[in-house]
Amino acid sequence: ETGVTQTPRHLVMGMTNKKSLKCEQHLGHNAMYWYKQSAKKPLELMFVYNFKEQTENNSVPSRFSPECPNSSHLFLHLHTLQPEDSALYLCASSQEFNGNYGYTFGSGTRLTVV
Amino acid sequence: RKEVEQDPGPFNVPEGATVAFNCTYSNSASQSFFWYRQDCRKEPKLLMSVYSSGNEDGRFTAQLNRASQYISLLIRDSKLSDSATYLCVVSQSGGSYIPTFGRGTSLIVHP
């Protein structure tokens, strides 16, 4: 399988639940990103990992916890989320951290917090 | 001032029309520029990079104006399948190549 794969595609969770989003890239890229896309808002960068090291945490609440065990996999652990966290969560990867060659996105996980 | 600004539209054009979008950015040290296309409820996909000298890919032409800090996308001979949201992406520099997305410009091509 090629490209960036995200699972699950859809997730409904209660505010007391704990869940994880998974992202896997088969492109040999070195940088991976988590983005949040809410309705009528631009994509918001959440976290950046470069060669497995977290390089950016864009003031994201601690109820979102990223994990990057290797350069091909990225997780976003979720706990005690709020309804306003409902959004499309997109994973992306790029060949280099500077993104000179653009970013490849996964299909996203559409999250609903009830 | 927002870092990357786009007119959200929608731009409503007939098939065959030529349409242009602009995107302005605030960081003069920005290094990399891209146009992405996002279909409804789908992920963004790279449409084209934007090079300093301008570049063309079929019906699509991208231009960069560093002096005025904007990039543009021109679509000629619009097709129904061009209907989508077009996102401008700018990578900042200065020690942190963080990509910033515009909120997108919606294009609707009608018969």
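The structure this text deals with has already been given above.
Every chain's residues receive numbers from 1 upward, in the order its sequence appears when written. Chain letters and ligand numbers both follow the written order, the letters beginning at A and the numbers at 1. At least 70 in pLDDT is required for a residue's local features to be given in this predicted model, at least 80 for side-chain atom pairs to be given and counted, and no such filter applies to totals for whole chains, interfaces and linings, which use all residues. Computation of side-chain values: all heavy atoms of the structure, hydrogens and water removed.

*Asks:* I'd love a proper account of the overall build of chain A, names of residues and values included.
*Replies:* Only DSSP runs of H or I covering at least 4 residues are called helices, and only runs of E covering at least 2 are called strands; the numbering of each starts at the N terminus. Looking only at helices and strands, chain A has zero helices and eleven strands in total. What you see in chain A, going N to C, is helices and strands ordered as β-β-β-β-β-β-β-β-β-β-β. Atoms counted for the radius of gyration: C-alpha only. Globule rule: 2.2 Å times residue count to the power 0.38. Here chain A has a C-alpha radius of gyration of 13 Å; the compact-globule value for 114 residues is 13 Å, and the two agree. Counting only C-alpha atoms, chain A reaches 35 × 30 × 30 Å along its principal axes. Throughout this description, buried means an accessible area under 20% of the type-specific maximum (1.4 Å probe, protein chains only), exposed means over 50%, and partly exposed covers the range between. Across the 114 residues in chain A, those meeting the buried criterion constitute 47%. A fraction of 54% describes how many contacts in chain A between residues 6 or more apart in sequence connect residues 24 or more apart. In these tables, accessible area is a Shrake-Rupley quantity obtained with a 1.4 Å probe, and a residue counts as shielded only by the protein chains included in the view. Accessible surface for chain A amounts to roughly 5,400 Å². Of this, 47% is attributable to carbon and sulfur atoms. Under the counting rule used here, the positive set is Lys and Arg, the negative set is Asp and Glu, and His together with the chain ends is not counted. To locate a charge, take atom NZ for lysine, CZ for arginine, CG for aspartate or CD for glutamate. Side chains of chain A give 10 positive and 9 negative charges; the mean places of these two sets differ by 9 Å. For this analysis, residues touch if any pair of their heavy atoms sits within 4.5 Å.

*Asks:* Hey, could you go over the interface of chain B and chain A for me, with residue numbers and the actual values?
*Replies:* Residue-level contacts link 18 residues of chain B with 22 residues of chain A. Note: buried area is the sum, over both parts, of the accessible area (probe 1.4 Å) each one loses when the two are combined. Contact between chain B and chain A buries roughly 1,700 Å² in total, counting both sides, with carbon and sulfur atoms accounting for 57%. Only one rule defines a salt bridge in this text: a Lys or Arg side-chain nitrogen within 4 Å of an Asp or Glu carboxyl oxygen. In this assembly, chain B and chain A are joined by zero salt bridges. Within the residue set of the side of chain B that touches chain A, elements represented by two or more residues are strand 4 (32-38), strand 5 (44-49), strand 9 (84-91) and strand 10 (99-101) of chain B. The greatest single-element share of the side of chain B that touches chain A, amounting to four residues, is contributed by strand 4 of chain B. As a working rule, the residues Ala, Val, Leu, Ile, Met, Phe, Trp, Tyr, Cys and Pro are called nonpolar, Asp, Glu, Lys and Arg charged, and the rest polar, with Gly in that last group. Looking at the side of chain B that touches chain A residue by residue, the class counts come to ten nonpolar, five polar and three charged.

*Asks:* Got a sec to walk through the sheet that holds strand 6 (residues 55-57) of chain B? Specific residues and values, please.
*Replies:* Residue and element names in this part refer to chain B. Reading across from one edge, 1-3-8-7-6 is the order of the five strands in this open sheet, with antiparallel pairing throughout. Across the chains shown, the open sheet's two edge strands, defined by having one partner strand only, are strand 1 (4-6) and strand 6. Averaged over neighbouring strand pairs, the angle between their axes works out to 20 degrees when direction is ignored. In this sheet, strand 3 (residues 19-25) lies alongside strand 1 in antiparallel orientation, the contact comprising three bridges. The partner of Gln6 across the bridge, within strand 3, is Cys23. Note: two strands are recorded as paired if DSSP finds a minimum of 2 bridges between them. To define axes, lines are fitted to C-alpha atoms, for helices over the stretch in contact only, and angles between the resulting N-to-C directions are given on a 0 to 180 degree scale.

*Asks:* So what's going on with the environment of Leu74 of chain A? Which residues, and what values?
*Replies:* With respect to the element layout, Leu74 of chain A can be found in strand 8 (residues 73-79). Leu74 of chain A sits 52 residues away from Lys22 of chain A along the chain, and the two C-alpha atoms are 6.1 Å apart.

*Asks:* Describe the pairing of strand 8 (residues 70-75) of chain B, naming the residues involved and giving the relevant values.
*Replies:* All names here are of chain B. Pairing of strand 3 with strand 8, which is carried by six bridges, proceeds in the antiparallel orientation. Residue pairing across strands places Asn22 opposite Ser72, the latter belonging to strand 8. In this structure, strand 7 (residues 60-65) lies alongside strand 8, joined through six bridges in antiparallel fashion. By the bridge assignment, Asn65 is partnered in strand 8 with Tyr70. The hairpin formed by strand 7 and strand 8 contains four residues between the paired strands, and Gln69 there has a positive phi angle of roughly 55 degrees.

*Asks:* I'd love a proper account of the packing of aromatic side chains, names of residues and values included.
*Replies:* Aromatic rings from Phe, Tyr and Trp, taking only the six-membered ring of Trp, are treated as a pair when their centres fall within 6.5 Å; an angle between ring planes under 30 degrees marks them as stacked, one over 60 as edge-to-face, and anything in between as tilted. A full pass over the atoms with the stated rule returns 13 aromatic pairs over all chains. Measuring from ring centre to ring centre gives 5.8 Å for Phe64 of chain A and Tyr89 of chain A, while their planes differ by 35 degrees; the resulting arrangement is tilted. With Phe64 of chain A in strand 7 (residues 64-70) and Tyr89 of chain A in strand 9 (residues 87-94), the pair connects residues that are 25 residues apart, well separated along the chain. The buried category is assigned to Phe64 of chain A, whose relative accessible area is 6%. Relative to Phe34 of chain B, the ring of Tyr103 of chain A has its centre 6.0 Å away and its plane inclined at 75 degrees; by these criteria the two rings are edge-to-face. Of the two residues, Tyr103 of chain A sits in the loop between strand 9 and strand 10 (104-105) while Phe34 of chain B sits in strand 4, which places them in two different chains. Following the ring pairs from residue to residue traces out a cluster consisting of Tyr33, Tyr35, Tyr103 and Phe105 of chain A together with Phe34, Tyr36 and Phe101 of chain B.

Keep in mind these numbers describe shape, not what the thing actually does.
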